[in-house]
Structures are given as structure tokens and as C-alpha cells.
Amino acid sequence: MNDQAFDSERVSGIIAELKTKPGALLPILHAIQDALGYVPQGSVPLIAHELNLSRAEVHGVISFYHYFRSTPPGRHTVYICRAEACQAMGSEALEAYAKSSLGIDYHENTPDGAITLEPVYCLGNCACSPSIMVDKKVHGRVSPERFDDIMDSTRSAP
Amino acid sequence: MIKIFVPRDSSAIGLGAEEVALAIQAEAKKRQVAIELIRNGSRGLYWLEPLVEVATPEGRIAFGPVTIADVPGLFDAGFQKGGVHPLALGLTEEIPYLKRQERLTFARVGITDPVSLEDYLAHDGYRGLKRALTMAPAAIVEEVADSGLRGRGGAAFPTGIKWRTVLNTSSAQKYIVCNADEGDSGTFSDRMIMEGDPFVLVEGMTIAGLAVGATEGFIYLRCEYPDAEVALNAAIDSATAQGYLGGDILGSGKAFRLEVRLGAGAYVCGEETSLLESLEGKRGLVRFKPPLPAIEGLFGQPTVINNVISLASVPIILDKGAAFYKDYGMGRSRGTLPIQLAGNLKQPGLVERAFGVTLREILYDYGGGSKSGRPIKAVQVGGPLGAYLPESQFDTPLDYEAFAALWAVLGHGGVVAFDESVDMSKMARYGMEFCAIESCGKCTPCRIGSTRGVEIIDKIRAGEEAERQVALLRDLSDTMLASSLCALGGMTPYPVLSALNHFPEDFGVTSAQ
Ligand SMILES: Cc1cc2nc3c(=O)[nH]c(=O)nc-3n(C[C@H](O)[C@H](O)[C@H](O)COP(=O)(O)O)c2cc1C
Ligand code: SF4
Ligand code: FES
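Okay, so let's go over this structure. (Residues numbered from 1 in each chain as written. Chains lettered and ligands numbered in written order. Predicted model: local features only at pLDDT ≥ 70, side-chain atom pairs only at ≥ 80, totals over all residues. Heavy atoms only, no water.)

Brief notes about the interface of chain A and chain B
Quick note on the threshold: Contact criterion: two residues are considered in contact whenever any of their non-hydrogen atoms come within 4.5 Å of each other. As used here, buried area is the combined drop in accessible area, with a 1.4 Å probe, of two parts when they are placed together. Basic side-chain nitrogens of Lys or Arg form a salt bridge, by our definition, when they fall within 4 Å of a carboxyl oxygen of Asp or Glu. Polar contact is the term for a pair of N or O atoms within 3.5 Å; when the atoms are in protein, one must be able to donate a hydrogen and the other to accept it, and sequence-neighboring residues count only if both atoms are side-chain atoms. Going along the chain from the N terminus, every DSSP run of H or I of four or more residues is numbered as a helix, and every run of E of two or more is numbered as a strand. Side-chain classes follow a simple rule in which Ala, Val, Leu, Ile, Met, Phe, Trp, Tyr, Cys and Pro form the nonpolar group, Asp, Glu, Lys and Arg form the charged group, and the remainder, Gly included, forms the polar group.
Each partner contributes residues to the interface: chain A has 39 residues there, and chain B has 61 residues. Summed over both partners, the interface of chain A with chain B comes to about 3800 Å²; 59% of that surface belongs to carbon and sulfur atoms. When the area that chain A buries against chain B is broken down by residue, the three leading residues are Phe64(A), Glu84(A) and Tyr121(A), summing to 18%. Counting the contacts that link chain A with chain B gives three salt bridges. Here Lys426(B) ties to Glu92(A) by a salt bridge, and the two come within 2.8 Å at their closest N and O atoms. For the pair chain A and chain B, the number of links is 20 residue pairs in polar contact (both at pLDDT 80 or more). Looking at the side of chain A that touches chain B, the elements that each hand over two or more residues are helix H2 (25-36), helix H4 (55-64), helix H5 (84-87) and strand E4 (137-139) of chain A. Residue contributions to the side of chain A that touches chain B peak at four residues, all from H2(A). A breakdown of the residues in the side of chain A that touches chain B according to their chemical character gives 22 nonpolar, nine polar and eight charged.

As for the packing of aromatic side chains
A ring pair, where both rings are aromatic, is described by two values, the distance of the centres and the angle of the planes. Residue and element names in this part refer to chain B. Using the following cut-off: In summary, the pairing rule links any two rings of Phe, Tyr or Trp, Trp by its six-membered ring, whose centres are within 6.5 Å, and it sorts them by plane angle into stacked for under 30 degrees, edge-to-face for over 60 and tilted for everything else. In this scheme, a residue with accessible area under 20% of its type's maximum is buried, one over 50% is exposed, and one in between is partly exposed, where area comes from a 1.4 Å probe on protein chains only. Criterion for a charge above a ring: Arg CZ or Lys NZ at most 6 Å from the ring centre, at most 35 degrees from the ring normal.
With the rule as written, the count across this model stands at 21 aromatic pairs over all chains. With centroids separated by 4.9 Å and ring planes inclined at 65°, the aromatic side chains of Tyr267 and Phe434 adopt a geometry described as edge-to-face. Residue Tyr267 is found in the loop between strand E8 (257-262) and helix H12 (272-279), and its partner Phe434 is found in helix H18 (residues 424-438); the two are separated by 167 residues along the sequence. The burial state of Tyr267 is the same as that of Phe434; both residues are buried. Note that Arg222 overlies the ring of Tyr225, its terminal NZ or CZ placed 4.9 Å from the centroid.

What about the sheet that holds strand E2 (residues 35-38) of chain B?
Residue and element names in this part refer to chain B. In plain terms, the rule: A pair of strands is labelled paired if DSSP reports no fewer than 2 bridges between them. Axes here mean lines fitted to C-alpha atoms, for a helix over just the part in contact, with angles spanning 0 to 180 degrees between N-to-C directions.
Here five strands make up an open sheet; going across it, the order is E2-E1-E3-E4-E5 and the pairing mixed. Edge strands, defined here as strands with exactly one partner in the open sheet, are E2 and strand E5 (88-91). Put simply, the sheet's adjacent strands are angled 25° from each other on average, direction ignored. Two strands pair when backbone bridges link them, and strand E3 (residues 52-56) and strand E4 (residues 59-63) are joined in this way by five bridges, in the antiparallel orientation. Of the residues in E4, the one forming a bridge with Glu53 is Ala62.

Looking at helix H9 (residues 189-196) of chain B
In terms of burial, H9(B) is largely enclosed, as eight of its eight residues are buried. Every buried residue of H9(B) is accounted for by Ser189(B), Asp190(B), Arg191(B), Met192(B), Ile193(B), Met194(B), Glu195(B) and Gly196(B).

Observations regarding the pattern of salt bridges
Per the stated rule, a full pass over the model turns up 42 salt bridges over all chains. With a shortest N-O distance of 2.8 Å, Glu272(B) and Lys289(B) are connected by a salt bridge. In this pair, Glu272(B) sits in helix H12 while Lys289(B) sits in the loop between H12 and strand E9 (303-307), placing the two residues 17 residues apart along the sequence. Under the relative-accessibility criterion, Lys289(B) is labelled partly exposed at 40%. Linked by salt bridges that have partners in common, Arg82(A), Glu95(A), Arg429(B), Glu433(B) and Asp458(B) make up one network.

If you want it as C-alpha cells, here you go:
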């Protein structure tokens, strides 16, 4: 995917603020993703330069961690738990339902740009399976009907 | 003023606790009832969440599960004074699930306001630290060693021995690292502590710092737990403001500072050396051992790395003494284990019991049997690297050695139940798939082996020369067991082979070849 224009001033500000922390790279990547929704390819040389790392090293870290993304997500990210406790309560059917009702696969955005779908491996909500997380909020005992309700309110949220 | 409790626990919120709290506040205002709304942790009775409690002179009374639609009716019934209502559950502490527990580490969870230092102090908080401040470092270490506490993160290594190594390794800078990566499916006890009683973890880490001479600590928290991050930071801020953290802890001249760092969705970063790499800002590649982290850990310095529950159990050990803690348990498994009941169960939740309780008691007396009403076919204990146990093994006591004798593990104490609709060859396939997704890639048996494992199980499931493929799967598992660098590759054969051995019919083979 082509790189997008991104707010390089904001990225530089984040790097300047955090770079003196020991082990600063992950805090910087988190802060960039919190601010922009993803870590733009174009921010890699800026980070590499300020932390005295090679671009390959920075890129290697971004791609190692499932959570960091290099492309812009939709307005909201929906994570569906695929792990065992949720499987025991029917998460496979929920995954299939989510994909078909949203019309997308994992790591894709809906065409209206509202929702990105991601797999996740346990949300610590295993006593209330099956679980999903929308942005930073967990939802438990998610039936297909509840999934539809949650998606409706998610789409209408800013 | 009537005190009403609605949990701020993220699982309770995931079932509508936030909306219920707002509705109670609005309804109270409308009816001009003066209430004080407290956002507590969860009691861990998750099938009853959102569980609302009301303080009465006789004790706290519980109502649940409460939806916003129930709120006006609760007020009509005078629930705020303990009135009769179909959702009433009586005195919370008398609910058998809770009453029959031995809550040491979880003593305050669900009872207090998690982010109130005042409340923490009023419920025996910081008594352990105050005692530790009167002791020599070596005496603190010996207290923990004598308690018999073993690491609750999975490997069950004696905590006191680890601390002794760090104490005896001299260095200008040492670190305390808390492993709050809690990646195992079916586990949520770390989350409940961090959201429901964050001060107990802060206190445990501070005591660890005093014990080994470390002045800095990091909590490596998985990023899937944003509410825990908020609660931890609130606790750290008020502990610092009140002199329980910082440059001069309670006027002792001793320093300890604490910072929360976030992971980024990599299961392998729960492995201690991978976690340290990640904290240093690198890819989470597992390190070769030796050197042990206790000798060369974070940034090359001596480092204590412990699980959340291990560290959160330290304050009560220091407060009540090693003998008190050690008195619980069986054999070489001392103290209590916060057991997490999940999957297909009527009553999933948190059960803290002394070691020695059987799996059957946990599944039926607490869990209430399967939620679907169909027989429980298999139980995975100890997360994605733990073995599946069939019904014939349910009488096993929860004890590290008893589980090891069955070629199973207790791990972090997660228990996930499956009813008879489960296809165990599919679970075995998932075990290999998970390993392939999460492998750090440093060694071949894990990186390549897990992908091969998925292919082989696919063939078995398709009925292609099942017996020959089963033999291949066993060979591959032997290789992974024997020559993986860490337990991700080295223990993935536990769920895979236990599924095959106990349920060969699900693999289309007659007996366990
Ligand atoms: C793949 C893998 C994942 C692990 N994940 C965790 C985890 O999420 N939390 C944890 O406390 N320990 C985890 N461990 C165990 C740690 O390596 C280590 O034993 C533990 O942090 C030590 O703390 P303890 O002695 O207090 O248990 C994991 C181990 C492996 C091999
Ligand atoms: S077993 Fe897997 S996760 Fe562990 S070091 Fe080897 S490749 Fe990495
Ligand atoms: S397994 Fe899905 S939330 Fe834990």
C-alpha cells in the first residue's frame, strides 16, 4: 500500500518527548499509534534517526508485534477473541458471523471506513465468553444479535 | 448516605456495569435518594455480573445480574435498604461460591474502591511494607522463601530463591519487573488484581525492591488491558503523592519508583527473556539462558521478574508471616491459587483456594457443570500450552506435582471447560496454529515445526493415511519437546498430544498409537 501523508510534526513531537526514556521504542510506537491510528512508514526514518537505530531495526520491531499497524485503520477497530475459552462458547460461529455481516476478513476495513476487523488471542474476559473488544472497550457474551447492536452503535459513534 | 457498589472491572463493564451505574445514579437523583456510588472491583462471580451491592447494617447485600431495565424496579422494592427483589442474592459474603473460598491474595478485591489509598489502608493495606521496612533485606527474602511461594506465572519456580540470587548479585542498579502480560487463554486473575486492587501489586513490588536492593520497577502490561493501565497509574500516582513510592519511602531513606509499560500483542513476550527484550525496545526474541535474568536481566542488570499474582501475594506474607501462608496448601504447593474458571461452565469466575482442591470440585461445586447442560468432555488447564484432561482425571488435586505426574501443568491457574460438542483434533490443530502465529522465530523446531504440525493435523482430519500422519505428529512433537529454546515450542505438544492420547477417536484412529 502506498504511504499516506501523515502529520510528521506530531510524530517528531512524540519522539522528542519520549526518546530519553530507557527502552523508548515501544512507548514511542504506542504514542504514535494512539495519535494517528497507525505507524506510518514515513515515521520510520524519523524514529530511526532519533534513536540511533537502523530503519531495518525499527521496521523489524513494528512488524514483530501484532498490535502495531502500518496502514490506517477504520474509525473503530473491532477485535474478536479466537482463543480457547471463547472457542468453548462458540467464538468460531461469531467470527464467521462478523466477517459475513461486515463483509470483510481480518485485517480489512469496511468500505465505509467505519470498522477494521482484527483477531485477538484472549482479552482476559474468558468468564464472559465469547468476547470482543471495540477500540478499548470489552464486550462479553456476544451473540450475533448483540454483535449487530454493538456494530450499530459503533458505526454511529464518531 | 447509602453506599451502593457497582464494579468497574472490565468484564463487568463488558456486560453493562457502566450503564447500570449511570442508571442508578440518575434514578436516585430522580427519587431524591442520597447515595454514595462506589466503583469496586469484581467479586469474581461473573455469571452474576453486573453484580450490584448495597451496604446495610447486617453487611453487604448483592443483586444480580442487573440490567438498566431492572433499576427502577430495584428502587421500587427499596433495594437500597435491602428490600425484597427477584434479583436479590442475600448477603454477598454468604453466597456459597464466595463463602467457600480462601481469599488471601484477593482479600480486598470487590470489597474496596481499587483506586482509593485510604480504603486500601483501612483494609490492612501497606502493613506488609511497614513490617518490611523494619527488616534487613536478607530477612525479607527469607520470609518469602519460607512461605513456600512459587511463581504463579507458569513455571512455579520458588520466588525466594530467585530473590536471593538477585540480592546476592551486586550491582549499582537492579530492577523489579512485573510480568503482567497474562496471555494465557482462560486466565484473568492478573487483570482482576490490577483493576480491583492495584495497590497490592504496587506494595508487593516495593517490598521486592527493598528485599533485593532495587530502586526501579516496571510493570509490563499487555495492551489488551487498558482499564488495568488506568487503575495502575492511578494507584502509582497516589502512592507516590503519599510517600509510599518515590525517593524516600515513608521516611526510610529507601527509594523505589514504578512505571507501567505496554506490550503490543505478542504472546511470546510473556516469556521472561522475551519480555525483557521488549522492555528494552526490541523485538521479543527469546534469549539464551544462562545468563539468568536474576544475574543479567533488564539492560544487563540483575532483575527480579515475577508474575502479578506472585508479587501481589507478597504483602500478606510479610504482614502475617511465612508460617501463616505456608499453612495453606499441600505437598510442595504452598499457599493459595487463584483459579480462573472459564469456557463452557454455568458459574465461571475466580475461585481462590488452597492447593489440594480437586479439579472435579472446581468444575462442579463451583463451576456448576457445563453451561450447555451437556457433559464436560475435556478441560484445558494452564493456558494454551497446558494439557487437556479427560473426565477420568478430574479427581486430580490442584497441585504442581500431581499435575506433572499426569503430564499436565497448572500454569497460571486457568481452567477452560469444553462440552461434548468439542472436536479435539480441531483443538490440537489450534494448538499448533497458535504456536505458529506467536512463535518468535528464533529456533527451527518451533518456527517450522508448528506450521508442519498444522499441515499434518489437517491431513489427519481429512482422513489421509491417518495412522502414518499420527506417527509423524508424534515424531514432530518429540522434536519440539526436546529442542525448542523456550516453552512456546517446547510445550505446544502438551495440548496436542494430550488431545490425541485421550481422544484418539476424534483423530480417526482407534487407539493411541
Ligand atoms: C511463551 C510463554 C509465555 C509466558 N507468558 C507469561 C505471562 O503472560 N505471564 C507470566 O507471568 N508468565 C509467563 N510466562 C512465564 C515466564 O517466562 C516466567 O516464568 C514468569 O514471568 C516468572 O514469574 P513467576 O516466577 O512469578 O511465575 C510465559 C512463558 C512462556 C514460555
Ligand atoms: S520455542 Fe518458539 S518462541 Fe520459543 S524461542 Fe524458539 S522460536 Fe522463539
Ligand atoms: S479466551 Fe477469549 S477472552 Fe480469554
